[in-house]
Amino acid sequence: MPNTSRVTDAFRHATVRYTTCCIGPPGSRLRDRKPDPLITTPGYEEITDEDKDVLRILDVDLDIPQNTSDHHTDKYEVSENSRDGSGPASLVIRRGRKFNLSLKLSRPFEIIKDDLKIIFETSESPKASRGTSVTIVLSDYDQPGRWTAEIKSHNVNGVTIAVSTPYDCIVGKWSLQVDTFLKYKPNGKAYRYFHKNPVYILFNPWCPDDGTYMSDEEGREEYILNDVGMVFAGTHRQIFAKPWNFAQFEDFVLDCVFYLLDRAKMPYRLRGSPVHVVRKISAIVNTQDEGGLLVGNWSGDFGRYTNPIAWTGSEAIIEEFWRTKQSVRYGQCWVFSGLVTTVCRAIGIPSRCVTNFASAHDTDGSITVDTHWDANGSPMTEYNADSIWNFHVWNDVWMARPDLPSGYGGWQAIDATPQETSEGTFCCGPASLEAIKQGMLELPYDGPFIFAEVNADRINWLKQSDGTWNKNFQKNIVGKNISTKRPGKGFSYRPLDDREDITHQYKFLEGSRDERAAVLNAFECSTLPDLKPADPQDVAFDLIEKDGILIGEPFEVSLRARNITGDNRTVNVTLTACVVYYTGVIACKIKTQRYNVKVQPYTDDEIIMTVAADEYLNKLVDQAAIKISCMATVEETKQVFTEQDDFRLSKPDLKISALEEVKVGSKLTCEISFANPLNTRLTKNFFFIEGPGLQRSRKITIGDVLPHSEAHLTVDLYPRRTGFRQLIASFNSKELTAVTGQCHVNVIP
């Protein structure tokens, strides 16, 4: 027996007939419902001939092609059919905008005689008091900001109704039901029609009243509708673009997102607020608290699971999770960020991947990065809980912030990479970029942590031979070249041309009065607010930056010392080269050398340490990153100079060749190749290839690749959707990972 309390007041004593069972997408609760038989409320008669005149609904046409076009949701595959083609289409709409539905009736609709109510419900226990059960009464006019329904037209075959949803309604999967009854028999029999598919209601950046409203059309095209993009990585001097398939329109993505919110038990009353939804998204994409989508792993040991650097998009990860309902292994920051972009764009929240180069990880709330050095001039790894990552990737999401003072809406930073807890949960944000820029860190959420990532100063703690500590202070160390993909249709053939530098959105010009004022504001929230820069010294040091070194080649570490006084200076130098993870954590030491140099007055001297390829090749980890550490002391003045620099060894390009234009459904042959730059055989080799509308995510294994020879792959694709499409590929092996490439194809009808 169904719960009769869910039938509205007008039908409390009515017999309810379910003419169509409610069926949703695979795995959904809606699909699991069983059809109910004809039932009567106890104490009332069975349906009699006198009730046969009650209007029956034979079918509901949601006019999916027109509604999805009007709502900018026509790219969603669930609005077409299921992946295997056997399932029917579902309606995807954006809140705050009308949509039309047409009812096929058992007889002509008579306004004087017939009435109906439209019922939308979501959650396992829908309640009107919680906004999860809504009954819409037909009206003669639209009432902005409310659930309304008005008759547009009617004829002998049925009636067409325009339904409006509020701009702040719950975002999720809603069931659709329609009750029909006779106006002159309000306590008579009523019939309830259950529509067979759910209606997906999303945020609406096109609606000025929606909290996600974005007035810029080019921005909406990029941050909502673009299903491919790129994530930037490397170092601030060696930036490279990693193509990414967001795949937010694939048929299982919406169901998966709402399943994750359900599994995390997010209250439905909060699911209309983009602020609360994105904060929950930053928690459910990782697995620390919610049993979420992706397991993080920074150990370098991935066993039989996927190395994070091998992923080329979100599709394969979300599909595996949806199939198994188990968290996928493994990911690191750029993978978490790519998934967040997919999830946010899927439900209508504008989102972009953001890469911060030289990104600080402050572990103690000091809003500084503390680096410790021993008396011999080497970094003290066991003391260095804080770190500076070569790069870190998080997300910006666009929304109003009614919970903050005026002026702090717009882009907000969130981060799904589990680093530190926030209010007891591994989540981060949303934090207003304007608040971070101004150093207004008392505003929610997690401003101090994000401010430190982009604008922390570094404190070098120097251990003396007697066991005491000195310290010096460095600014302009972190938060370099903060990058995202620029908005715009299509892609450049040189991916770095698509990079937009947004550093100015996070902080004022480094060293400017406004920037220092923001730092002073931030120190009000710091555990170490009394820092001052060191006095100027009389020997100028410069650690020469490295770039453009191909993996397998030797490299040099160079320190230039310039004596700017008229006296001789004796300089003791320690140079160290280490293999590091992109997080700045040392994997192993390559080499350390110490030098004692006499620098004449007003002259330069250069200290050089050479590192051969065979000294580092068998020690490299995924990103092929090297950290150079330097400590120099001046004997006569006790001046101390410390510096660290990271660089990434370059990898070869992956070449992809294919026709630039092809008809939908026709065979497209792609040739993929690259040259092995190493003096060693590549083993355990495979390619990942994928591209929305071109190719489902696919892993292809190939044989060993000999030293200095080429790896080849030929693959045939059959494009299934028209438009300008991007194919993404990566090559991975035990010895060499993340060789990536992309090509563009125009698929015509």
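Residues numbered from 1 in each chain as written. Predicted model: local features only at pLDDT ≥ 70, side-chain atom pairs only at ≥ 80, totals over all residues. Heavy atoms only, no water.

Novice: Break down the packing of helix α5 (residues 274–284) against helix α7 (residues 333–347) for me, with residues and values.
Specialist: Angle between the axes and distance between the axes: these two values describe a pair of packed helices. Packing of α5 against α7 brings their axes to within 10 Å, and their N-to-C directions diverge by 150°. What the angle tells us is that α5 and α7 run roughly antiparallel. Helix-helix and strand crossings are classified by hand; for α5 and α7 the assignment is right-handed. Along its contact with α5, which presents Val277, Val278 and Ile281, the element α7 presents Val340, Val343, Cys344 and Ile347. Class assignment for the residues of the contact of α5 with α7 results in 7 nonpolar, no polar and no charged. (Axes fitted to C-alpha atoms, helices over the stretch in contact; angles between N-to-C directions. Helix = DSSP H or I, 4+ residues; strand = E, 2+ residues; numbered from the N terminus. Parallel < 35°, antiparallel > 145°, perpendicular 65-115°, else oblique. Left-handed = near helix turned anticlockwise from the far one by under 90°. Contact = heavy atoms within 4.5 Å. Nonpolar A, V, L, I, M, F, W, Y, C, P; charged D, E, K, R; others polar.)

Novice: So what's going on with the nonpolar core? Residues and values would help.
Specialist: One recurring pattern in soluble globular proteins is that nonpolar side chains are buried together. Membership of the largest hydrophobic core comes to 73 residues, with the highest contact counts inside it found for Leu254, Trp334, Ile347 and Ile349. Considering every element that reaches this core, the biggest residue donor is α7, with 10 residues. Residues Val573, Val634, Phe641 and Ile700 belong to the second largest nonpolar core, which totals 61 residues. (Core = buried A, V, L, I, M, F, W, Y, C linked by side-chain atoms within 4.5 Å. Buried < 20%, exposed > 50% of the residue type's maximum accessible area, 1.4 Å probe, protein only.)

Novice: Lay out the confidence of the model for the chain in plain terms, naming residues and giving numbers.
Specialist: Interpretation of this model should avoid reading the predicted coordinates in detail wherever pLDDT is low. With 89% of its residues at a pLDDT of 70 or more, the chain shows a mean pLDDT of 87. Taken together, the stretch residues 1–48 has pLDDT below 50 and engages in 95 contacts with residues farther than four places along the chain or on a different chain. (pLDDT = per-residue confidence, 0-100.)

Novice: Talk me through the sheet that holds strand β36 (residues 695–702); I want residue IDs and the actual numbers.
Specialist: Strands sit in the order β33-β39-β38-β35-β36 across an open sheet of 5 strands; the sheet is mixed. Edge strands, defined here as strands with exactly one partner in the open sheet, are β33 (661–663) and β36. For this sheet, the mean inter-axis angle between neighbouring strands, taken without regard to orientation, is 25°. (Pairing = 2+ DSSP bridges.)

Novice: Can you tell me about helix α3 (residues 217–225), naming the residues and giving the values?
Specialist: Those residues of α3 lying buried are Gly219, Arg220, Glu222, Tyr223, Ile224 and Leu225. Residues of α3 that are buried make contact with β3 (91–94), α7, β16 (351–361), β19 (410–414), β23 (480–485) and β24 (499–501). At the N-terminal boundary of α3, the capping side chain belongs to Asp216, with an oxygen 3.3 Å from the backbone nitrogen of Glu218. (Polar contact = N/O pair within 3.5 Å; in protein donor to acceptor, adjacent residues only side chain to side chain.)

Novice: Break down the pattern of salt bridges for me, with residues and values.
Specialist: Inspection of the entire model under this criterion finds 36 salt bridges. Across the pair Arg720 and Glu77 runs a salt bridge, and its minimum N-O distance is 3.5 Å. With Arg720 in the loop between β37 (710–717) and β38 (723–732) and Glu77 in the loop between α2 (64–70) and β3, the pair connects residues that are 643 residues apart, well separated along the chain. Residue Glu77 is classed as buried on the basis of its relative accessible area of 5%. Note that Glu290 and Lys280 form a salt bridge whose closest N and O atoms lie 3.2 Å from each other. One end of the pair, Glu290, is in the loop between α5 and β14 (294–296); the other, Lys280, is in helix α5, and 10 residues separate them in sequence. Of the residues examined, Glu290 reaches a relative accessible area of 18% and is grouped as buried. Each member of the salt-bridge network shares a partner with another, and the members are Asp53, Arg107, Glu110, Lys113 and Asp114. (Salt bridge = Lys/Arg side-chain N within 4 Å of Asp/Glu carboxyl O.)

Novice: Which residues make up the side chain of Asn390, and what are the values?
Specialist: Among the structural elements, Asn390 can be located in strand β18 (residues 387–399). When sequence neighbours within four positions are dropped, the list of residues in contact with Asn390 reads Gly234, Thr235, Asn356, Phe357, Ala358, Tyr581, Tyr582, Ala625 and Asp646.

Novice: Describe in detail the environment of Ile284, supporting the description with residues and values.
Specialist: Mapped onto the elements of the fold, Ile284 is located in helix α5. The exposure class assigned to Ile284 is buried, which follows from its relative accessible area of 2%. Spatially, the C-alpha atom of Ile284 lies 7.9 Å from that of Ala416, the residues being 132 residues apart in sequence. Leaving out residues up to four positions away in the same chain, Ile284 has contacts with Leu260, Leu261, Ala264, Glu290, Gly292 and Leu293.

Novice: Please provide a residue-by-residue account of the sheet that holds strand β31 (residues 640–648), values included.
Specialist: In a beta sheet, neighbouring strands are held together by backbone hydrogen bonds and run either parallel or antiparallel to one another. The strand order across the open sheet formed by 4 strands is β28-β27-β30-β31, and the pairing between neighbours is antiparallel. Each edge of the sheet is formed by a strand with only one pairing partner; in this case those strands are β28 (586–599) and β31. Each neighbouring strand pair of the sheet contributes to a mean axis angle of 15°, computed without reference to strand direction. Where strand β27 (residues 569–580) and β28 come together, 12 bridges link them in antiparallel fashion.

Novice: Explain the pairing of β19 to me, using residue names and the numbers behind them.
Specialist: The element β19 is extensively covered by neighbouring structure, given that 5 of its 5 residues are classed as buried. Strand direction decides the pairing type here: β18 and β19, joined by 5 bridges, are antiparallel. If you follow Asp396 over to β19, its bridge partner there is Ala413. Looking at chain direction, β19 and strand β20 (residues 431–432) are connected through 2 bridges and run antiparallel. Counterpart to Gln412 in the pairing with β20 is Ser432.

Novice: Run through the packing of aromatic side chains, naming residues and quoting values.
Specialist: The geometry of two aromatic rings is summed up by the distance between their centres and the angle between their planes. On inspection of all chains with the given rule, the structure shows 25 aromatic pairs. Consider the rings of Phe120 and Trp147, whose centres lie 5.2 Å apart with planes at 35°: the pair is tilted. Of this pair, Phe120 sits in strand β5 (residues 114–121) while Trp147 is found in the loop between β6 (133–139) and β7 (148–155), placing the two residues 27 residues apart along the sequence. Considered together, Phe120 and Trp147 belong to a single accessibility category, that of buried residues. Ring plane angle 85° and centroid distance 5.7 Å describe the contact between Tyr305 and Tyr330, whose orientation is recorded as edge-to-face. Of this pair, Tyr305 sits in the loop between β14 and α6 (315–324) while Tyr330 sits in strand β15 (residues 328–331), placing them 25 residues apart in sequence. Taking the relative accessible area as the measure of exposure, Tyr305 reaches 34% and is therefore partly exposed. (Phe/Tyr/Trp six-rings, centres within 6.5 Å; stacked < 30°, edge-to-face > 60°.)

Novice: Which residues make up α5, and what values go with them?
Specialist: Taking burial as the measure, the 11 residues of α5 include 10 buried ones, the bulk of the element. Residues Pro274, Val275, Val277, Val278, Arg279, Lys280, Ile281, Ser282, Ala283 and Ile284 constitute the buried set of α5. Lining the buried residues of α5 we find α4 (253–263), α7, β18 and β19.

Novice: Give a detailed account of unusual backbone geometry, specifying residues and quantitative values.
Specialist: Excluding glycine, most residues fall at negative phi; most peptide bonds, likewise, are trans. A cis amide bond links Arg329 to the next residue, Tyr330, at an omega of 5°. Of note, the bond from Pro444 into Tyr445 is cis; its omega dihedral lies within 30 degrees of zero at 0°. Mapped onto the elements, Tyr445 comes out in the loop between α8 (433–438) and α9 (447–455). For Asn481, which is not glycine, the phi torsion reads 45° and is therefore positive.

Novice: Describe the packing of α4 against α7, and please don't skip the residues or the numbers.
Specialist: Here α4 crosses α7 at 100°, and the two axes come no closer than 10 Å. What the angle tells us is that α4 and α7 run roughly perpendicular. Together, Val253, Leu254, Val257 and Phe258 of α4 and Thr342, Val343, Ala346 and Ile347 of α7 make up the contact between the two elements. Across the contact of α4 with α7, the residue classes break down as 7 nonpolar, 1 polar and no charged.

Novice: Residues and numbers for the environment of Val393, please.
Specialist: You can see Val393 is positioned in strand β18. Among the residues examined, Val393 registers a relative accessible area of 1% and is labelled buried. The sequence separation of Val393 and Asn356 amounts to 37 residues, and the corresponding C-alpha distance is 6.3 Å. With near-sequence residues (within four places) excluded, Val393 lies in contact with Val231, Phe232, Cys333, Trp334, Ser337, Cys353, Val354, Thr355, Asp415 and Thr417.

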